[in-house]
Amino acid sequence: MDFHDSDAGRRIAYEFTPGTGPTVVFLGGYKSDMQGTKAVHLEDWAKATGRAFLRFDYSGHGASGGTFEDGCIGDWAEDAQSVIEAVTEGPVLLVGSSMGGWIALLLTQRLADIAGLVTIAAAPDFTEDGFWADFDKGQRAAIMQDGQLALPSEYGDPYIITRRLIEDGRNHLVLRSTLELPFPVRLLQGTADTSVHPDRALKLLDHAASPDMRLVLVDGADHRFSDADCLALIESSVEEVIARAEKDA
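Residues numbered from 1 in each chain as written. Predicted model: local features only at pLDDT ≥ 70, side-chain atom pairs only at ≥ 80, totals over all residues. Heavy atoms only, no water.

Draft legend 1. Seen up close, helix H3 (residues 99–107). Counted residue by residue, H3 has 9 buried out of 9 residues, so it is predominantly covered. The set of residues buried in H3 consists of Met99, Gly100, Gly101, Trp102, Ile103, Ala104, Leu105, Leu106 and Leu107. (Buried < 20%, exposed > 50% of the residue type's maximum accessible area, 1.4 Å probe, protein only. Helix = DSSP H or I, 4+ residues; strand = E, 2+ residues; numbered from the N terminus.)

In structure tokens form, the structure reads like this:
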């Protein structure tokens, strides 16, 4: 494991596998880390195929510095951009899971050379369209007055939703304006996902503009999207996007 110190003063833990490009970059979800099943599976695939690969932890996640509750979408997008620009060379293929899908969409507007995009249960704008939209008046008042709100999570400890997370999220919404994705895009989504409804994937498909974009719905797959069939689909989707990108180069 290596560490990158960003210009913002945040220490980011990462694992880089050298190989041929484009570099496949895995962007994890909210409160997840780079030791997750999907990230490790893709790293194993990269090593087996000789592909360059990068996985990392946002600040406040995993082995990176900082406190989770202090972070927000803007910080985590900056973390991702900083470590990608510091560690990789040439084009990158972004693989964004859940919140990582939102981060990846933000990075498509910031990085200089993107070969393609694969999202897994992408959750763009979830702070506004998920958290805030679902809060009742009492919860909204509490988060504005107290600065945070604890929500139960099926993945372990409660989610601490901060006022900063909500307010910063409004500055980084991607489904309110034109979203140009001029490269191959594959959107993967499970129909049994209770964290990100499949309608979200349909909205992204309808909203974004790409010359080569496809949505794959997997019947019965949940938000983890980590069983053997789902992992194989992620792998084949990455390979397909690489092939398409190389054909168009």
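So that's the structure; there's more coming.
Draft legend 2. Representation of the sheet that holds strand E3 (residues 20–27) in the model. If you walk across this open sheet you meet the 8 strands as E1-E2-E4-E3-E5-E6-E9-E10, and the pairing is mixed. Only two strands of the sheet have a single neighbouring strand rather than two, namely strand E1 (2–5) and strand E10 (213–218). Neighbour-to-neighbour, the strand axes of the sheet open up by a mean angle of 20°, direction not taken into account. Pairing between strand E5 (residues 92–97) and strand E6 (residues 114–120): 6 bridges, direction parallel. Paired with Val95 across the bridge in E6 is Val118. Packed onto the sheet, helix H7 (residues 198–207) meets strand E9 (185–190) and E10 and runs at close to 165° relative to E9. Strands E3, strand E4 (51–56), E5, E6, E9 and E10 of the sheet are contacted by helix H8 (residues 228–248), whose axis makes an angle of about 160° with E6. (Pairing = 2+ DSSP bridges. Axes fitted to C-alpha atoms, helices over the stretch in contact; angles between N-to-C directions. Contact = heavy atoms within 4.5 Å.)

Draft legend 3. Just the environment of Asp212, in detail. Mapped onto the elements, Asp212 comes out in the loop between H7 and E10. A sequence separation of 10 residues divides Asp212 from Leu202, and the C-alpha atoms of the two residues are 15 Å apart. With sequence-adjacent residues up to four places away left out, Asp212 is seen in contact with Phe183, Pro184, Val185, Arg186 and Arg244. At 3.2 Å, the side chain of Asp212 and the side chain of Arg186 are in polar contact. (Polar contact = N/O pair within 3.5 Å; in protein donor to acceptor, adjacent residues only side chain to side chain.)

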